Amino acid sequence: MTRSRTLDHPAAGLVVANLPYGKRVGERSELGSLYRALGLSVRRAYPGWRFAFLLEDGADWLGLPITERFSVANGGLRCELVVGTV
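Residues numbered from 1 in each chain as written. Predicted model: local features only at pLDDT ≥ 70, side-chain atom pairs only at ≥ 80, totals over all residues. Heavy atoms only, no water.

Let us now look at the confidence of the model for the chain. With 84% of its residues at a pLDDT of 70 or more, the chain has an overall mean of 88. Taking the mean pLDDT of every element in the chain, the minimum, 93, falls on helix α1 (residues 31-45) and the maximum, 97, on strand β2 (residues 50-55). (pLDDT = per-residue confidence, 0-100. Helix = DSSP H or I, 4+ residues; strand = E, 2+ residues; numbered from the N terminus.)

Tallied over the entire structure, the rule returns two salt bridges. Here Asp60 ties to Arg69 by a salt bridge, and the two come within 2.8 Å at their closest N and O atoms. On the basis of relative accessible area, Asp60 is assigned to the exposed category, the value being 62%. Given a relative accessible area of 42%, Arg69 falls into the partly exposed group. (Salt bridge = Lys/Arg side-chain N within 4 Å of Asp/Glu carboxyl O. Buried < 20%, exposed > 50% of the residue type's maximum accessible area, 1.4 Å probe, protein only.)

Right, let's get into the sheet that holds strand β1 (residues 14-18). The sheet built from four strands is open, its strands ordered β1-β2-β4-β3 with mixed pairing. A strand with exactly one partner marks an edge of an open sheet, and here the two such strands are β1 and β3 (66-74). Neighbour to neighbour, the strand axes of the sheet diverge by 15° on average, direction disregarded. Pairing of β2 with strand β4 (residues 77-85), which is carried by six bridges, proceeds in the antiparallel orientation. When the sheet's bridge partners are listed, Phe51 is paired in β4 with Gly84. (Pairing = 2+ DSSP bridges. Axes fitted to C-alpha atoms, helices over the stretch in contact; angles between N-to-C directions.)

This part takes up the nonpolar core. If you look at the biggest cluster of nonpolar residues, it comprises 13 residues, and the most contacted ones within it are Phe53, Leu55, Leu62 and Val82. Elements with a contribution of two residues or more to this core: α1 and β2. Non-local contacts of Leu55, meaning those with residues more than four positions away in its chain, are made with Leu19, Tyr21, Tyr35, Leu62, Cys79, Glu80 and Val82. (Core = buried A, V, L, I, M, F, W, Y, C linked by side-chain atoms within 4.5 Å. Contact = heavy atoms within 4.5 Å.)

Below, the structure written as structure tokens:
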């Protein structure tokens, strides 16, 4: 008999990622579906956690409640750091 297992994690934490921009790897046109899928996964797996994502644009595709936005430069590119709570 096969038992499924789940990964236990703390009730609260922080998810941090430098998301792809579609410049070096992949296609920029695919970022919307990638960001939407990431947002959905984070909402399902980490309710109550905080998040901080670095991206060039398209933060609204995440579908997450963004409470703060910071303009930053990363490798010479204008980017945005978005922060919120799932």
